[in-house]
Amino acid sequence: MRQMIAGNWKMNGTLAGIAAYAAALGQGVAGVDLLICPPYPLIGPLRAACAPGIAVGAQDCAVEQSGAHTGDVAAGLLAEIGASHVILGHSERRADHNERSALVRDKSRTAIAAGLTPIICVGETLAEREAGEAETVVRAQLAGSLPDGFTGLVAYEPVWAIGTGKTATETDVQAMHATIRAALKKQLGEPGETMLILYGGSVKPTNAASLLATSEVGGALVGGASLTATDFMAIAEAARR
Ligand code: PGA
């Protein structure tokens, strides 16, 4: 199975920085799928600047297809400007915008109908982990966020590991990815057996190789380290097998 290394630029990046970033990625890394999700206004320019084999995606999309929804961005428009993927249900959106799993599920349907591949994020907070509820929380997020017949990817991102420099241990990652795999099989049947499960949370060039070699880890969703092309490429190299 090819691994995917996805960059989530969050609210970072500039138009002026696109050309150098795309040049540093070059043709990417053989045998690894690369995806960059910049802020909306940079999707078109990044798509134009990157090699065709490097995918460009969005960090969110509207639940409605079109209409009077000021400030929202339609999945169909994202596809039209060259996005192939969309991150949905990121913990920062769940926290900052009060996004619930039911909304994530509906956005996922809209995205798939527009031809986008969703990457649905799940993950527990530190309090939930310390209370021994991590697996229950993640299972509930999967049950609520994935529509019937879901096609796409899942990203496990423990909230306490995002942007903190703390990564989950390989044992924790292995256990949670196994839990997610079991839930995907139960919910989706056969497609759940091979769906990629990315790990996210302080993935860096120094820890990527061991995380990516952990069983059921199908790639990484990288925030901070994706802002520097050389770091992002180093993580992609670690995915090469
Ligand atoms: P981080 O972010 O790599 O900066 O921890 C990951 C994410 O939120 O997707």
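Above this text sits the structure in question.
Residues numbered from 1 in each chain as written. Predicted model: local features only at pLDDT ≥ 70, side-chain atom pairs only at ≥ 80, totals over all residues. Heavy atoms only, no water.

Trainee: Give a detailed account of the overall build of the protein chain, specifying residues and quantitative values.
Mentor: Looking only at helices and strands, the protein chain features eleven helices and eight strands. A compact globule built from 241 residues should have a C-alpha radius of gyration of about 18 Å, and the protein chain, at 17 Å, falls within 12% of that. Summarising its shape, the C-alpha atoms of the protein chain cover approximately 45 × 45 × 35 Å along the three principal directions. Residue burial in the protein chain is summarised as follows: out of 241 residues, 50% are buried. By element, 54% of the accessible surface of the protein chain is carried by carbon and sulfur atoms, the whole surface being about 10400 Å². (Helix = DSSP H or I, 4+ residues; strand = E, 2+ residues; numbered from the N terminus. Rg over C-alpha atoms; globule rule 2.2 N^0.38 Å. Buried < 20%, exposed > 50% of the residue type's maximum accessible area, 1.4 Å probe, protein only. Areas by Shrake-Rupley, 256 points an atom, 1.4 Å probe, with all protein chains shown as cover.)

Trainee: Tell me what's going on with the site of the ligand, and back it up with residues and numbers.
Mentor: In the vicinity of the ligand there are 13 residues, among which K10, H90, E157, G163 and S202 approach most closely. A distance of 2.7 Å is found between an oxygen atom of the ligand and a side-chain nitrogen or oxygen belonging to E157. Here an oxygen atom of the ligand sits 2.8 Å away from a polar atom, N or O, in the main chain of G224. Contact with the protein chains removes 95% of the 280 Å² of surface that the ligand exposes when unbound. (Near = heavy atom within 4 Å. Polar contact = N/O pair within 3.5 Å; in protein donor to acceptor, adjacent residues only side chain to side chain.)

Trainee: I'd like a rundown of the nonpolar core, residues and numbers included.
Mentor: Soluble, globular proteins show a tendency: their nonpolar side chains are buried together. The biggest cluster of nonpolar side chains holds 63 residues, and the ones touching the most others in it are I5, L25, L142, V154, I180, L184 and Y199. Discounting chain neighbours no more than four positions away, the residues touching L25 are I36, C50, I54, A229, F232 and M233. Listed in part, the 13 residues of the second largest apolar core include A6, C121, L198 and L221. (Core = buried A, V, L, I, M, F, W, Y, C linked by side-chain atoms within 4.5 Å. Contact = heavy atoms within 4.5 Å.)

Trainee: Residue-level account of the sheet that holds strand 7 (residues 197-200), with values.
Mentor: Pairing between the strands of a sheet comes from backbone hydrogen bonds, and it takes one of two forms, parallel or antiparallel. An order of 1-2-3-4-5-6-7-8 is seen for the eight strands of this closed barrel, with the pairing classed as parallel. Across the sheet, the mean angle from the axis of one strand to that of its neighbour is 25°, orientation sign disregarded. Pairing geometry for strand 5 (residues 117-122) and strand 6 (residues 153-156), over four bridges, is parallel. Paired with I120 across the bridge in strand 6 is V154. (Pairing = 2+ DSSP bridges. Axes fitted to C-alpha atoms, helices over the stretch in contact; angles between N-to-C directions.)

Trainee: Got a sec to walk through the packing of helix 5 (residues 101-113) against helix 7 (residues 134-145)? Specific residues and values, please.
Mentor: The relative placement of two packed helices is expressed as an angle between their axes plus a distance between the axes. As a packed pair, helix 5 and helix 7 sit with axes 7 Å apart at the nearest point and diverge in direction by 45°. Here helix 7 runs oblique to helix 5, going by the angle between their axes. Of the two possible hands of crossing, helix 5 and helix 7 adopt the one that is right-handed. Between helix 5, through S101, A102, V104, R105 and S108, and helix 7, the contact on the second element is made entirely by Q141, G144 and S145. Tallied by class, the residues present in the contact of helix 5 with helix 7 amount to two nonpolar, five polar and one charged. (Parallel < 35°, antiparallel > 145°, perpendicular 65-115°, else oblique. Left-handed = near helix turned anticlockwise from the far one by under 90°. Nonpolar A, V, L, I, M, F, W, Y, C, P; charged D, E, K, R; others polar.)

Trainee: An account of the side chain of E124 is needed here, citing residue identities and associated values.
Mentor: Mapped onto the secondary structure, E124 falls in the loop between strand 5 and helix 6 (126-130). Taking relative accessible area as the criterion, E124 reaches 0% and is therefore assigned buried. A distance of 3.0 Å separates polar atoms of two side chains, one belonging to E124 and the other to W160. Among all residues touching E124, those that are not within four sequence positions of it are R129, A134, V137, V138, Y156, P158, V159, W160 and M176.

Trainee: Tell me about the packing of aromatic side chains, residues and numbers included.
Mentor: The tally for this structure, following the rule as stated, stands at two aromatic pairs. Arranged with centres 4.8 Å apart and planes meeting at 80°, the rings of W9 and Y21 form a pair that is edge-to-face. Of the two residues, W9 sits in the loop between strand 1 (3-8) and helix 1 (18-25) while Y21 sits in helix 1, which places them twelve residues apart along the sequence. By the burial criterion, W9 is buried, and Y21 matches it. (Phe/Tyr/Trp six-rings, centres within 6.5 Å; stacked < 30°, edge-to-face > 60°.)

Trainee: I'd like a description of the pairing of strand 5, backed by residues and values.
Mentor: Each regular strand displays side chains that alternate between the two surfaces of the sheet. Most of strand 5 sits inside the fold, with five of its six residues counted as buried. Taken together, the four bridges between strand 4 (residues 85-88) and strand 5 define a ladder with parallel strand orientation. What sits directly across from I87, in strand 5, is I119.

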